[in-house]
2 protein chains.
Amino acid sequence: MDKYLFGIDIGGTTVKVGFFKEEGLLLDKWEVPTRKDNNGEFILTDVAESINNKMVEKGVTKGQIIGYGCGVPGPVTDDGRVLGCVNLGWGEFNIEERMSEVFECANVKAANDANVAALGENWVGGGKGLSSMVMITLGTGVGGGVVINNKIVAGFNGAAAEIGHIQVNDEETDSCNCGKKGCLEQYASATGVVKEAKRILEKSEEASSLRELDEITAKDVFDYAKSGDKLALEVVAKLGTYLGKVMGYLGCIVDPEAFLIGGGVSKAGSILVDAVSDVYKKEVFRASKDTKILLASLGNDAGMYGAAAMVVKNDFE
Amino acid sequence: MDKYLFGIDIGGTTVKVGFFKEEGLLLDKWEVPTRKDNNGEFILTDVAESINNKMVEKGVTKGQIIGYGCGVPGPVTDDGRVLGCVNLGWGEFNIEERMSEVFECANVKAANDANVAALGENWVGGGKGLSSMVMITLGTGVGGGVVINNKIVAGFNGAAAEIGHIQVNDEETDSCNCGKKGCLEQYASATGVVKEAKRILEKSEEASSLRELDEITAKDVFDYAKSGDKLALEVVAKLGTYLGKVMGYLGCIVDPEAFLIGGGVSKAGSILVDAVSDVYKKEVFRASKDTKILLASLGNDAGMYGAAAMVVKNDFE
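Residue positions are given per chain, counting from 1 as you read along its sequence in written order. As they are written, the chains are lettered A onward and the ligands numbered 1 onward, keeping that order. Residues qualify for local features only when their pLDDT is at least 70, as the model is predicted, and side-chain atom pairs are given and counted only at 80 or more; totals for whole chains, interfaces and linings, by contrast, use all residues. Side-chain metrics rest on all non-hydrogen atoms present in the structure, leaving aside hydrogens and water.

(A) Highlighting the overall build of chain A. The helix and strand labels rest on DSSP assignments: H or I over at least four residues marks a helix, E over at least two residues marks a strand, and numbering proceeds from the N terminus. The helix and strand tally for chain A stands at ten helices and twelve strands. For a compact globule of 317 residues, the expected C-alpha radius of gyration is about 20 Å, and chain A comes in at 20 Å, within 12% of that figure. Here the C-alpha coordinates of chain A stretch approximately 65 × 45 × 35 Å along the principal axes. Burial status across chain A gives 61% buried among its 317 residues. By the counting rule applied here, Lys and Arg register as positive and Asp and Glu as negative, while His and the ends of each chain are not counted. Where a charge sits is defined by one atom per residue type, namely NZ (Lys), CZ (Arg), CG (Asp) or CD (Glu). Taking the average place of the 33 positive charges on the side chains of chain A and the average place of its 46 negative ones, the gap between the two points comes to 2 Å. In this setup the radius of gyration rests on C-alpha atoms only. A globule is expected at 2.2 Å times the number of residues raised to 0.38. Three labels apply to residues, based on accessible area from a 1.4 Å probe with only protein chains included: buried if under 20% of the type maximum, exposed if over 50%, partly exposed otherwise in between.

Spelled out as structure tokens, the structure:
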């Protein structure tokens with residue numbers, strides 16, 4: 001009898017649901033709108049209803065389902081306590097207990113969505129086969145996940161791998177979304193890259209093709225840097241310095257087998273890896289200077305994969 | 001039948017050996033000289049001989065020994081590979097395989113000595129009962145250990161928790177022992193505190209009782225700071241800033257239940273905790289700002305305890 005898993009990635013607008021075979025093969029995926037009425041109390045029941053319909057459609061019975069994993073856009077402790085998700089309307093509660101009720105299954109697991117995405121990449125993505133890894137997700141914000149021996153490091157307050165909020169610049173005058181000033185996210189997120197580009201353009205008199213654009217995107221900055229635009233290269237170098245420094249801290253603390261860079265900004269590819277590599281080698285303790293720096297491969301599906309991976313009890317290899 | 005454990009802490013001059021009951025009660029401890037002849041090949045056999053003599057003395061048989069743990073002054077990977085210990089003469093080899101031969105026991109475990117000391121504190125010391133913790137050892141150098149769910153995070157290169165070599169000052173002109181410039185160890189170790197005190201005394205014209213000493217120790221600096229000496233307070237504040245920053249990075253990455261500060265410098269006590277607390281709260285992501293900051297309690301025996309703790313298979317609580 002074939003066995004299956006569901007990986008659920010809850011976002012502020014939609015919930016991504018993946019239907020997997022136990023070895024990590026994605027058989028089907030779909031989205032359920034995130035209904036935020038009544039403090040988000042229908043989100044999990046909507047997902048359960050949608051999953052039950054899918055099981056009928058596929059002719060799969062409850063007895064064939066190994067478990068249900070869930071990525072949540074907020075802090076989750078190791079024992080399944082959600083500590084509040086502002087953009088879902090959720091307060092503090094034990095989501096694993098709730099999942100067991102709603103999905104009628106004992107094998108459930110929840111964790112922070114960025115942490116879960118890291119586990120997904122470790123299961124079947126760019127980090128497959130790694131004994132330990134740190135994923136750094138450069139998107140609208142900067143998040144991440146630390147995975148050791150196929151397990152997420154969740155943190156006592158569900159706030160491990162809050163990589164975007166590591167302080168990198170004590171001179172910063174603008175505030176980060178978190179309230180601090182000078183967080184990595186302010187320079188290494190897509191919005192941060194655009195903001196830094198505008199700053200540098202304003203300060204400098206130098207010619208730059210970036211000046212001809214009505215609206216600058218992070219992609220533009222990397223594209224122009226690749227074609228040699230000096231100011232664009234300056235923006236990329238600044239990101240490389242701050243991100244490389246933080247990777248140095250991560251190397252000294254976790255000493256992972258590899259770093260995995262994901263998120264929209266990571267589509268820039270090798271120019272990004274090159275920008276951080278030398279800084280990393282200079283910053284980290286010598287024993288860890290050859291840590292691999294890889295790119296994530298699952299894109300927006302990483303969360304779904306990781307959610308499913310959490311309920312697979314055996315090691316990945 | 002009572003069951004026992006041996007915890008072995010290998011140092012450059014002596015090996016500390018502890019004889020434990022399985023719940024962590026230290027029954028006896030003694031030291032064996034570290035014989036470094038022939039690239040340290042007699043170190044483990046000397047310890048084994050000494051342990052066998054002790055077993056005869058105590059009337060304990062092999063069948064009563066649960067296992068043997070070992071702390072090593074150098075990097076050790078999770079699967080027991082020593083990657084070289086300069087001050088023992090050791091190159092690269094699998095110490096756990098060697099321990100099994102020498103001690104005639106399958107249940108053996110080795111790890112880096114600073115990591116092991118952290119586990120010891122987690123087992124029965126200042127960090128007892130914590131689900132996760134980061135120990136920071138401020139001694140001649142600065143080391144540490146990350147413990148999650150009663151397990152040491154060893155690192156892919158055996159170099160996790162190399163906290164002393166996190167870069168904190170890009171302006172530093174002096175070199176650290178590791179070859180980099182501006183490592184935490186250069187400001188937060190006992191030698192670092194003394195060096196900073198001398199620097200500050202030299203730069204300033206201000207009166208300070210520290211000027212009257214022939215030889216300044218780290219203890220003097222803290223003692224004088226406690227009695228209000230302005231320059232001594234400046235040295236402590238500088239240490240607090242750098243150490244608090246690094247604890248901020250650790251908070252954002254590991255989000256432990258508590259920090260545990262150990263090593264000779266930690267004898268300064270609450271003045272040290274106070275010096276780092278405010279900086280930590282300012283630097284870390286808000287979810288982790290209330291992380292407890294505690295003092296280690298096992299002193300130089302922490303390594304022996306931790307070495308024994310590694311072979312206890314059940315959780316500590």
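The rest of the description comes next.
(B) Quick look at the relation of the copies chain B and chain A. The atoms used to superpose the copies are C-alpha atoms, taken from residues with pLDDT of at least 70 in both, and the fit is least squares. In screw terms, the move from chain B to chain A is a rotation of 180° and a rise of 0.0 Å along the axis, fitting with an RMSD of 0.0 Å. With respect to symmetry, the two chain copies, as superposed, fit the operation of a two-fold axis. Among all C-alpha atoms of chain B, that of Tyr249(B) lies closest to the rotation axis, at 3.6 Å. Of the residues that chain B buries at the interface, 100% are likewise interface residues in chain A, meaning the two copies contact each other through the same surface. Any pair of residues with heavy atoms lying within 4.5 Å of one another is described as a contacting pair.

(C) Looking closely at the interface of chain B and chain A. On the side of chain A, 42 residues touch chain B, which itself brings 42 residues to the contact. What counts as buried area is the accessible surface, traced by a 1.4 Å probe, that two parts surrender upon association, with contributions from both included. Summing the contributions of chain B and of chain A, the shared interface buries around 3100 Å²; its carbon and sulfur component is 57%. Broken down residue by residue, the surface that chain B buries against chain A is led by Phe156(B), Ile253(B) and Phe285(B), which jointly contribute 22%. Salt-bridge detection follows one rule: a side-chain nitrogen of Lys or Arg within 4 Å of a carboxyl oxygen of Asp or Glu. For the pair chain B and chain A, the interface holds two salt bridges. Going through the elements one at a time, β9 (142–148), α8 (230–253) and α9 (270–283) of chain B are the ones with two or more residues in the side of chain B that touches chain A. The element contributing the most residues to the side of chain B that touches chain A is α8(B), with six residues.

(D) Examining the packing of helix α8 (residues 230–253) of chain A against α8(B) more closely. Axis definition: a line fit to C-alpha positions, over the contact stretch in the case of helices; interaxial angles, taken between N-to-C directions, run 0 to 180 degrees. Following both chains from N to C, one finds α8(A) and α8(B) inclined at 80°, their axes separated by 11 Å at the closest point. Regarding the angle of α8(A) to α8(B), the classification is roughly perpendicular. Residues Tyr249(A), Leu250(A) and Ile253(A) of α8(A) pack against Tyr249(B), Leu250(B) and Ile253(B) of α8(B). Note on residue categories: nonpolar means Ala, Val, Leu, Ile, Met, Phe, Trp, Tyr, Cys or Pro, charged means Asp, Glu, Lys or Arg, and polar means any other residue, Gly included. Tallied by class, residues from the contact of α8(A) with α8(B) come to six nonpolar, no polar and no charged. For classification purposes, an angle smaller than 35 degrees is called roughly parallel, one larger than 145 roughly antiparallel, one from 65 to 115 roughly perpendicular, and anything else oblique.

(E) Expanded view of the sheet that holds strand β12 (residues 292–295) of chain A. Residues and elements named next belong to chain A. Strand pairing is defined by DSSP finding a minimum of two bridges between the two strands. Strand order in the open sheet formed by five strands is β10-β9-β8-β11-β12, with mixed pairing between adjacent strands. Because the sheet does not close on itself, it has two edges, and the strands there are β10 (151–152) and β12. Running over the sheet, α8 touches β8 (132–138), β11 (258–262) and β12 and is turned about 155° from β8. Contacting β8, β11 and β12, helix α9 (residues 270–283) runs over the sheet at an angle of about 160° to β12.

(F) Region of the structure containing the pattern of salt bridges. Residue and element names in this part refer to chain A. With the rule as written, the count across this model stands at 44 salt bridges over all chains. We note a salt bridge from arginine 35 to aspartate 46, for which the minimum N-O separation is 2.9 Å. Of this pair, arginine 35 sits in the loop between β3 (26–33) and α1 (37–40) while aspartate 46 sits in helix α2 (residues 43–58), placing them eleven residues apart in sequence. Its relative accessible area of 35% is what places arginine 35 among the partly exposed residues. The exposure class assigned to aspartate 46 is buried, which follows from its relative accessible area of 15%.

(G) Structural detail: the nonpolar core. Formed by 111 residues in total, the largest nonpolar core has its most connected members in Ile136(A) and Ile136(B). Setting aside chain neighbours within four positions, we find Ile136(A) in contact with Val142(A), Gly143(A), Gly144(A), Ile163(A), Leu243(A), Met247(A), Leu250(A), Phe259(A), Leu260(A), Ile261(A) and Gly262(A). Note on terminology: a nonpolar core comprises buried Ala, Val, Leu, Ile, Met, Phe, Trp, Tyr and Cys residues joined through side-chain atoms within 4.5 Å.

(H) Layout of the sheet that holds strand β2 (residues 14–21) of chain A. All names here are of chain A. If you walk across this open sheet you meet the five strands as β3-β2-β1-β4-β7, and the pairing is mixed. Each edge of the open sheet is held by one strand with a lone partner, namely β3 and β7 (108–112). Within the sheet, the average angular offset between the axes of one strand and its neighbour, ignoring direction, is 15°. Strand direction decides the pairing type here: β2 and β3, joined by seven bridges, are antiparallel. Bridging from a neighbouring strand, phenylalanine 19 pairs with aspartate 28 of β3. Along the sheet face, helix α4 (residues 113–124) touches β1 (4–10), β2, β4 (65–72) and β7 and points at about 115° away from the line of β7. Each of β1, β2, β3 and β4 is contacted by helix α10 (residues 302–309), which is oriented at about 130° to β1, the strand it contacts most.

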